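Structural features, examined
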Amino acid sequence: MDRLEERTAQCETVADVLALLEEYSGQYSSWQIFLTDLLDGSGLSYHRFAALCGISKNTLKKWCTQGGAPRSRDTFLKVAFGAAMDPEAAGSMLSRYGGYGGLNPRDPFDAVCIFCLRRRCAGDTRFDYGAAEALYRRLRPGPGEDGAASSSTTQLMARLLTIDTEAEFEAFFRQYGPDLCGRKLKLERFLEDFLTVRRLEAGRDGCRASLHSLQLPPEVEKQLSQLKRHGVVPRRRSLIALGLRLDMTLEELNTMLRFAGMDALCVRDRLECVLIYALQQLTLTHPELALGNATALLAVTRDAATRRRCADLAQEYWRACYRSDENGEVESVAAYVREILDQLDLEEAEELLPLL
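As the structure is a prediction and not an experimental result, all values here were calculated from the model.

With that out of the way, let us pick up unusual backbone geometry. A positive phi angle, near 60°, is found at aspartate 247, a position not held by glycine. Locating aspartate 247 in the fold gives a position in the loop between helix H14 (236-245) and helix H15 (250-259). Despite not being glycine, aspartate 345 has its phi angle at roughly 55°, a positive value. Its place among the elements puts aspartate 345 in the segment after helix H19 (333-344).

Laid out in structure tokens, this is it:
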């Protein structure tokens, strides 16, 4: 745990968090700072760097001088190609600044980008974003080619990182085509378990209520539907909002983000620092939330890892006889977080608050 994480864990009140945000204001991440550093490190002009990325000079200059950020995952990837990032750095940028999943070797286009970024990073300038799109169009699986995955994500990535030529990549694509399904099944199962629990709670006499009964914001419900139907992972902010709406603890929310291919909540992000504080406080003052989740999930999940985690947590809480704060019950995790964000009046929270 670094110093900032330690200080966040020691906060006891909202005032403590506000003071911490002020003290470390210069250390929190932002796309504007990241991109400016990237541009300065390249030694290139706005015009030249923008041309390498395949975006307009005015757009790049605006991001660096006035703020703002790309509005699509593809634009972030264009910046990764322009800066000749390796796949790991590109994935970190996607997650940290775009709120998207990192590069997933199971996704056909991401697999192409991993290969092309490695070649570009090695100095082969032919492999730009346009070349990645062209290679994907030539090789992408057709309708009905998706199948049951037989290789793990780790195995696919390890194989990808050994490929140095386009011919080798084409052979990889032919061999592992059925595995390149693009779906994050662990994420879907994890969310479905939580949704099942909350629908049962919202229903009567043990009957499962509909998804609409959970009263999720339309944007979140739409992205959840896209995940179920097409395997499209929701944006980071939407996933976080969904986790809070489903009363997830900090550990559970970070598990969900990991299944989505994203980083855990980051203490160096101003908004996420506050979320970490809020969820830590809930764990300390209302342990019944974590215990309730564990026992409810045990009743519905078929996932062995989830069952083990829930059983271990339930035993720990029962053995330690944790007791809740006497100040009263929490309406919901989302309501608790929303109240803290309202008190702090964070500009960074503007996109998240309407989803809570």
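Core analysis: the largest hydrophobic core is formed by 65 residues, its most contacted members being Leu191, Leu244, Leu253, Leu265 and Leu341. Of the residues forming this core, the biggest block, 9 residues, is contributed by helix H16 (residues 270-285). Aside from chain neighbours lying at most four places away, what touches leucine 341 is Leu271, Val274, Leu346, Ala349, Leu352, Leu353 and Leu356. Among the nonpolar cores identified, the runner-up in size contains 42 residues, and Ala90, Leu103, Phe172 and Tyr176 belong to it.

Further remarks concern the packing of aromatic side chains. Centre distance and the angle of the planes are the two values used to describe a pair of aromatic rings. Tallied over the entire structure, the rule returns 16 aromatic pairs. Seen from their ring centres, phenylalanine 109 and tyrosine 129 are 6.1 Å apart, and the 80° between their planes marks the pair as edge-to-face. Within this pair, whereas phenylalanine 109 is found in helix H8 (residues 108-121), its partner tyrosine 129 is found in helix H9 (residues 129-139), the two being separated by 20 residues in sequence. Just as phenylalanine 109 is buried, tyrosine 129 falls in that class too. For the ring pair phenylalanine 190 and phenylalanine 259, a centre distance of 5.5 Å and an interplane angle of 80° mean the geometry is edge-to-face. Residue phenylalanine 190 is located in helix H12 (residues 185-202), and its partner phenylalanine 259 is located in helix H15; the two are separated by 69 residues in the primary sequence.

Considered for burial, the residues of helix H5 (residues 57-65) that qualify are Leu60, Trp63 and Cys64. The arc that holds the buried residues of H5, viewed along the axis, is 95°, so those residues lie on one side. If you follow the buried residues of H5, they end up packed against helix H3 (31-42), helix H4 (46-53) and helix H6 (73-82). Looking one or two residues past H5, glycine 67 carries a phi angle of roughly 100°, positive in sign.

A few words on the side chain of glutamate 272. With respect to the helices and strands, glutamate 272 occurs in helix H16. We classify glutamate 272 as buried; its relative accessible area is 1%. Of note is the side chain of glutamate 272, whose polar atom sits 2.7 Å from the side chain of arginine 236.

Now for the side chain of threonine 249. Positionally, threonine 249 belongs in the loop between H14 and H15. Sequence-distant contacts of threonine 249, defined by excluding residues within four places in its chain, comprise Ala290 and Asn293.

This part is about the confidence of the model for the protein chain. For the protein chain, the average pLDDT comes to 86, and 91% of its residues sit at 70 or higher. Here helix H1 (residues 3-10) stands out as the least confident element of the protein chain, with mean pLDDT 84; H4 is the most confident, with 96. Here residues 143-148 scores under 50 on pLDDT; set against residues more than four positions off or in separate chains, the count is 6 contacts.

Conventions and cut-offs
- Residues numbered from 1 in each chain as written.
- Predicted model: local features only at pLDDT ≥ 70, side-chain atom pairs only at ≥ 80, totals over all residues.
- Heavy atoms only, no water.
- Helix = DSSP H or I, 4+ residues; strand = E, 2+ residues; numbered from the N terminus.
- Core = buried A, V, L, I, M, F, W, Y, C linked by side-chain atoms within 4.5 Å.
- Buried < 20%, exposed > 50% of the residue type's maximum accessible area, 1.4 Å probe, protein only.
- Contact = heavy atoms within 4.5 Å.
- Phe/Tyr/Trp six-rings, centres within 6.5 Å; stacked < 30°, edge-to-face > 60°.
- Arc of directions from axis to C-beta.
- Polar contact = N/O pair within 3.5 Å; in protein donor to acceptor, adjacent residues only side chain to side chain.
- pLDDT = per-residue confidence, 0-100.

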